[in-house]
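Residues per chain, in single letters:
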Amino acid sequence: MFISFEGIDGSGKSTQIGLLQAVLEAEGRSVVVTRDPGGTPLGRELRQILLHHKGEVAPGCELFLYLADRAQHVVTLIRPALAEGKVVLCDRFVDSTVAYQGGGRGMDGGMIDRLNQQATEGLVPDKTILLDGSVETLLGRARSRATATATAKATVPDQTDRFETLDVAFYERVRAQYLNLAKESPARFIVVNAVQPPESVHQDIIRALALNPLPKT
Ligand code: TMP
């Protein structure tokens, strides 16, 4: 069973992945938690470039780096884990590229779909949990977390995530694209209100997954 988590920065994906992992493991399931980009050793190098490269990154270059990370991730980690009957919880997957590079940057959606298909060899998550909420609120959270981390680590400004410098309009387009995707694939997407306490978000996810039970693998 392959479950991806999506949402704009600050939507609380990692907290929710940890909470769901604990529930699934308590049920005796073997769970692999991973992230896109950065789920493999090669992917971690690509993630560093994608998020922290100091110079200009052309949109096409950015797109292919996300796809390169994903191709490596699918072949070396996700497919083998699924073949062993594990539950894979993935922080972002194909929908992030449709939302960020398609919606956010305005790149062609048909092209992104074809390239995603190539990179994943057609692998699509069984369920996708979209943590949705107002851009202002979620970005505000992401920014205060980034500031707190930078202060704690005394990080220099050039370590700031490239995406944290983008404007609200960019993230409004990303959010709109996510909501379109959810409308187009209602059987796969579970849209959850992310602007509530983490425990309430978690309960919503559990309830929604129980309505769409996981196969006993
Ligand atoms: P993360 O910090 O949530 O792991 O995400 C890293 C950033 O990369 C985040 O701002 C979203 C962005 N991103 C894309 O633009 N396209 C993609 O395909 C993926 C997976 C992430």
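All chains use their own residue numbering, which begins from 1 and follows the written sequence. Given that this is a predicted model, residues contribute local features only at a pLDDT of at least 70 and side-chain atom pairs are listed and counted only at 80 or more, while totals for whole chains, interfaces and linings are drawn from all residues. Calculation of side-chain values draws on the structure's entire complement of heavy atoms; hydrogens and water are dropped beforehand.

The next point concerns helix 1 (residues 13-26). Compared with an ideal rise of 1.5 Å per residue, which puts 14 residues at 20 Å, helix 1 spans 20 Å between its outermost C-alpha atoms and is within 8% of the ideal. With a 1.4 Å probe rolled over the protein chains alone, any residue whose accessible area is under 20% of its type maximum counts as buried; one over 50% counts as exposed, and the rest are partly exposed. Helix numbering and strand numbering both begin at the N terminus, where a helix is a DSSP run of H or I of at least 4 residues and a strand a DSSP run of E of at least 2. Three or more residues of helix 1 are buried, namely Lys13, Gln16, Ile17, Leu20 and Leu24. Burial along helix 1 is one-sided: seen end-on, the buried residues are contained in an arc of 100°. Turned more than 90 degrees away from the buried face of helix 1 sit Ser14 and Ala26, all of them exposed. Trailing helix 1 by a residue or two, Gly28 shows a phi angle of about 90°, which is positive. By this rule the span expected of a helix is its residue count minus one, scaled by 1.5 Å. Read the arc as the range of directions from the helix axis to the C-beta atoms.

Glancing now at the sheet that holds strand 1 (residues 2-6). Strand order in the open sheet formed by 5 strands is 2-3-1-4-5, with parallel pairing between adjacent strands. At either margin of the open sheet sits one strand with a lone partner, and together these are strand 2 (31-35) and strand 5 (189-193). Along the sheet, successive strands turn relative to each other by an average axial angle of 20°, direction set aside. Pairs of strands are assigned from DSSP output, requiring at least two bridges between the strands. Across 4 bridges, the pairing between strand 1 and strand 3 (residues 87-91) is parallel. Residue Ile3 lies in a different strand from strand 3, and its bridge partner there is Leu89. Relative to the sheet, helix 4 (residues 94-104) contacts strand 1, strand 4 (127-132) and strand 5, its axis offset from that of strand 1 by approximately 25°. To obtain each axis, a line is fitted to C-alpha atoms, and for helices this fit is confined to the stretch in contact; angles are then taken between N-to-C directions over 0 to 180 degrees. Throughout, a residue-residue contact means that at least one pair of heavy atoms, one from each residue, lies within 4.5 Å.

This part is about the side chain of Asp9. Mapped onto the secondary structure, Asp9 falls in the loop between strand 1 and helix 1. A residue is classified by how much of its surface remains accessible, and Asp9, at 17% relative accessible area, is buried. A polar contact is formed between the side chain of Asp9 and the side chain of Tyr100, at a distance of 2.6 Å. Nitrogen and oxygen atoms within 3.5 Å of one another constitute a polar contact, given that in protein one can donate a hydrogen and the other can accept it, and given that sequence-neighbouring residues count only through two side-chain atoms. Among the polar contacts listed, one links the side chain of Asp9 to the side chain of Tyr171, at a separation of 3.4 Å.

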